[in-house]
Amino acid sequence: MTELSAHLPQFQHGQLTENFPDNHLSNTNDNSERRRHESSERGRNDNTDSETNGQPQTNIQQVVEQDEDDEELTLKYGAKHVIMLFVPVTLCMIVVVATIKSVSFYTRKDGQLIYTPFTEETETVGQRALNSILNAAIMISVIIVMTILLVVLYKYRCYKVIHGWLIISSLLLLFFFSFIYLGEVFKTYNVAMDYITVALIIWNFGVVGMICIHWKGPLRLQQAYLIMISALMALVFIKYLPEWTAWLILAVISVYDMIAVLCPKGPLRMLVETAQERNETLFPALIYSSTMIWLVNMAEEDPEAQRKASKNSTYDKQAPANQTQNEDPEADDGGFSQEWQQQRDNRIGHIESTPESRAAVQALPSNFQTSEDPEERGVKLGLGDFIFYSVLVGKASATASGDWNTTLACFVAILIGLCLTLLLLAIFKKALPALPISITFGLVFYFATDNLVQPFMDQLAFHQFYI
Amino acid sequence: AFFWLVSLLLSSLIWFIAVKASDPRDEPLQRGLLIFGVVFSVLLQEVFRFLYYNLLRKAIEGLVALSEDGCSPISIQQMAYVAGVGFGLMSGAFSMINLLADALGPGTVGIHGDSQLYFLTSAFMTMVLIFLHTFWGILFFHGCEHRRWWEIAAVVVMHLAVSGSTFCNPLYVGSLVPSYLLMAIAAVWAYLLSGGSAQNVWRFLLCKS
């Protein structure tokens, strides 16, 4: 255990710093994507339709229709997208809570990260408060610095550096942390295991994970891997962050998220705007995406178009797994429901995926940026959101005296916060941070349930009164 | 579920304040305070059910305004059912989950002289409450829709009665039997309000189309 904590700081240094800004990034990233898809449908339809859509005369119609359709659509999709996000967030939390409850490793205090050098085992409450404030301040400043570094790198187009950074951090997560996790699970359940089997398992897990996340892979598998690495990261935080520091960090990070996304000079907002100017998507390895691209489906038939599309980000490639969208509108895997089909018809004009239209699309210049529009219509959530939600729920289940009541209350609070955030997104149609509302609700409910509700429920259960 | 949770939060806040302000060693007083807490909580739950109804009403109006054919994709009855289920599930979860977690561990039920049927009766009571919340949801929303205040009053009175009957636990006959009777009444009533009839049931049982 001791060598673990000794090693971890070094690894953490490389890995946390990598992930943090990326998480924040993806908080806003996805929001920006969401916003982008709403506004880009207007913008791109106006600007780029003439050359890429092949139906220039429908431009004006589309713009008018969009204004009316937008409201309706956002509400219609709203519910579907909310559910599509509930499932992965719930799964991540379930994994974290299950692990916390069963594997005692993650609740044992084995030292702290180098980012939180001040201990909380102090004599006085005041000293403890001071230490935790300092810890939180250090952590947040690390995050801010790393975010700014990332924005600078992105602005000056150092894509190689960023990709290398991401690859190293996901390597670390997929191999090292999952190795530790597996080891601890085996220890808890007293399973005899040899190194060769473990090496084989971890190797396969890691390599498939790298491929799925950074390159191509089935959508469900990619989603599953993203959930798993979020859960692993959350578990690390739960283990290595002391009590008060953790709560403070959660609170401060939601404030930072709000500032960074909404202020005009916020780093994340600048990042988002830069990405928009360049018509690019950001870091697919750090965003959970719930739908897949549609137009690549059409182009699937032609290997030449496939090659053109292969330059784009990874989640575009999920399309192959989801064929027959046009033939079977009931196949709901990508969220392309009947309503979506109608809406697509409204927007782009009545396009069926006939061989003629496919040929027309393939004949277009290879500006497949517009083909990402339908994809962005799906919902994306940054992995950082997953991680911090799970940290909150995991901490609640680990340290609350009200135990399951508190966990359940925090869980419901976070989900309702997520609902509200998506609703606000549909109303305001601009980039919104996903953390503040949920974390606020979660924190309020945690402290309230732990201190107020739990004694009440205890007494009620003791007397067997029911309310 | 969220609304039920918030109502629980507020009611436990009140109870907590009351307890802190009183003498912890005075047993009857504590019990009295607890009873007061329960009654207050029941009333608060119904208030929140009403608030939730208002929220859903506004949502339906919004959906109707934006839909293509002028009717909302989800009816108020469906919402009533869902609201009731949400309340019930949350209430049930909060009542049972710690019990279940403890039941996994070692121990003997009632070793100190309490009832040995503790887990069983808790389970039954929770079940009846979840059902009741569902039916009350339907009744309540129907009453609000059609402005029949006596229906709403009936729901509140029933809730108070059920909670009140649990005050005579561990005399389980006094709590479980009335609760189940009330549940049967509420079930039939909600069924009739939702448009069911004896004919439907008969046809269903005979597997006619």
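Values in this document were obtained by computation on a predicted structure and should not be read as measured data. (Residues numbered from 1 in each chain as written. Chains lettered and ligands numbered in written order. Predicted model: local features only at pLDDT ≥ 70, side-chain atom pairs only at ≥ 80, totals over all residues. Heavy atoms only, no water.)

## Overview of the UniProt feature "transmembrane region" (unreviewed entry) in chain B
- In the numbering adopted here, UniProt assigns the feature "transmembrane region" (unreviewed entry) to residues 31-52, 79-97, 117-140, 152-173 and 179-202 of chain B.
- Secondary structure across residues 152-173 of chain B divides into 73% helix and 0% strand, with the first and last C-alpha atoms of the span separated by 27 Å. (UniProt positions renumbered as here; feature names shortened; annotations may be inferred. Helix = DSSP H or I, 4+ residues; strand = E, 2+ residues; numbered from the N terminus.)

## Section: the confidence of the model for chain A
All names here are of chain A.
- Within chain A, residue pLDDT values average 72, and 64% of them lie at 70 or more.
- When pLDDT is averaged over each element of chain A, helix α6 (residues 195-214) comes out on top at 92 and helix α10 (residues 295-299) at the bottom at 35.
- In this model residues 293-339 is a low-confidence stretch, pLDDT under 50, and it forms 97 contacts with partners more than four residues away in sequence or in other chains.
- Low pLDDT (under 50) marks residues 365-376, which in the prediction has 37 contacts with non-local residues, meaning those over four places away or in another chain. (pLDDT = per-residue confidence, 0-100. Contact = heavy atoms within 4.5 Å.)

## A few points about the nonpolar core
- Counting residues in each nonpolar core, the largest one holds 82 residues, and the members touching the most others are Val 89, Met 139, Leu 250, Tyr 389, Leu 392 and Ile 439 of chain A.
- Examining the composition of this core, we find that 13 residues originate from one element, helix α7 (residues 219-240) of chain A, more than from any other.
- Apart from residues no more than four positions distant in its own chain, Val 89 of chain A is found in contact with Leu 381, Phe 386, Tyr 389, Leu 415 and Leu 418 of chain A.
- In this structure, Ala 413 of chain A together with Phe 2, Val 6 and Leu 8 of chain B belong to the second largest nonpolar core, which totals 30 residues. (Core = buried A, V, L, I, M, F, W, Y, C linked by side-chain atoms within 4.5 Å. Buried < 20%, exposed > 50% of the residue type's maximum accessible area, 1.4 Å probe, protein only.)

## A word on the environment of Phe 118 of chain A
- Note on placement: Phe 118 of chain A falls in the loop between α3 (59-102) and α4 (125-155).
- If sequence neighbours within four positions are ignored, Phe 118 of chain A has contacts with Gln 112, Asn 131, Leu 134, Asn 135 and Ile 138 of chain A.

## Things to note about the interface of chain A and chain B
- At the interface, 33 residues of chain A touch 40 residues of chain B.
- The contact between chain A and chain B buries some 3,300 Å² in all, and 74% of this surface belongs to carbon and sulfur atoms.
- Applying the counting criterion to the chain A and chain B interface returns 0 salt bridges.
- The interface formed by chain A and chain B holds 7 residue pairs in polar contact (both at pLDDT 80 or more) in total.
- Within the residue set of the side of chain A that touches chain B, elements represented by two or more residues are α3, α16 (404-428) and α17 (435-463) of chain A.
- No other element matches α17 of chain A, which puts 15 residues into the side of chain A that touches chain B.
- Looking at the side of chain A that touches chain B residue by residue, the class counts come to 21 nonpolar, 8 polar and 4 charged. (Buried area = accessible area lost by both parts, 1.4 Å probe. Salt bridge = Lys/Arg side-chain N within 4 Å of Asp/Glu carboxyl O. Polar contact = N/O pair within 3.5 Å; in protein donor to acceptor, adjacent residues only side chain to side chain. Nonpolar A, V, L, I, M, F, W, Y, C, P; charged D, E, K, R; others polar.)

## Topic: the UniProt feature "signal peptide" (unreviewed entry) in chain B
- Cross-referencing UniProt, the feature "signal peptide" (unreviewed entry) maps to residues 1-21 of chain B in the present numbering.
- With 90% helix and 0% strand, residues 1-21 of chain B has end C-alpha atoms that lie 30 Å from one another.

## Some thoughts on the pattern of salt bridges
- Here the structure, examined in full by the defined rule, presents 8 salt bridges over all chains.
- Between Arg 128 of chain A and Glu 120 of chain A there is a salt bridge, with its nearest N and O atoms 3.1 Å apart.
- Residue Arg 128 of chain A is classed as partly exposed on the basis of its relative accessible area, which comes to 24%.
- Residue classification places Glu 120 of chain A among the buried positions, given a relative accessible area of 6%.
- Residues Glu 145 of chain B and Arg 57 of chain B are paired through a salt bridge, measuring 2.6 Å at the closest nitrogen-oxygen approach. A residue pair is termed long-range when its members are at least 10 positions apart, and Glu 145 of chain B in helix α4 (residues 118-145) and Arg 57 of chain B in helix α2 (residues 27-66) qualify at 88 residues.

## Focus: unusual backbone geometry
All names here are of chain A.
- The phi dihedral of Arg 157 falls on the positive side, at around 60°, and the residue is not glycine.
- Its location among the elements puts Arg 157 in the loop between α4 and α5 (159-189).
- You will see that Asn 190, though not glycine, has its phi angle at about 55°, which is positive.
- Position of Asn 190 among the secondary structure elements: in the loop between α5 and α6.

## Here's the deal with the packing of aromatic side chains
- Tallying each qualifying case throughout the model produces 26 aromatic pairs over all chains.
- Judged by centre distance (6.4 Å) and plane angle (80°), the ring pair of Phe 2 of chain B and Phe 3 of chain B falls under edge-to-face.
- A relative accessible area of 14% means that Phe 2 of chain B is categorised as buried.
- The cationic tip of Lys 239 of chain A hangs over the ring face of Tyr 240 of chain A; the distance from NZ or CZ to the ring centre is 5.4 Å.
- Geometry around Phe 140 of chain B places Arg 49 of chain B over its ring, the cationic atom sitting 6.0 Å from the centre. (Phe/Tyr/Trp six-rings, centres within 6.5 Å; stacked < 30°, edge-to-face > 60°. Lys NZ or Arg CZ within 6 Å of the ring centre and 35° of its normal.)

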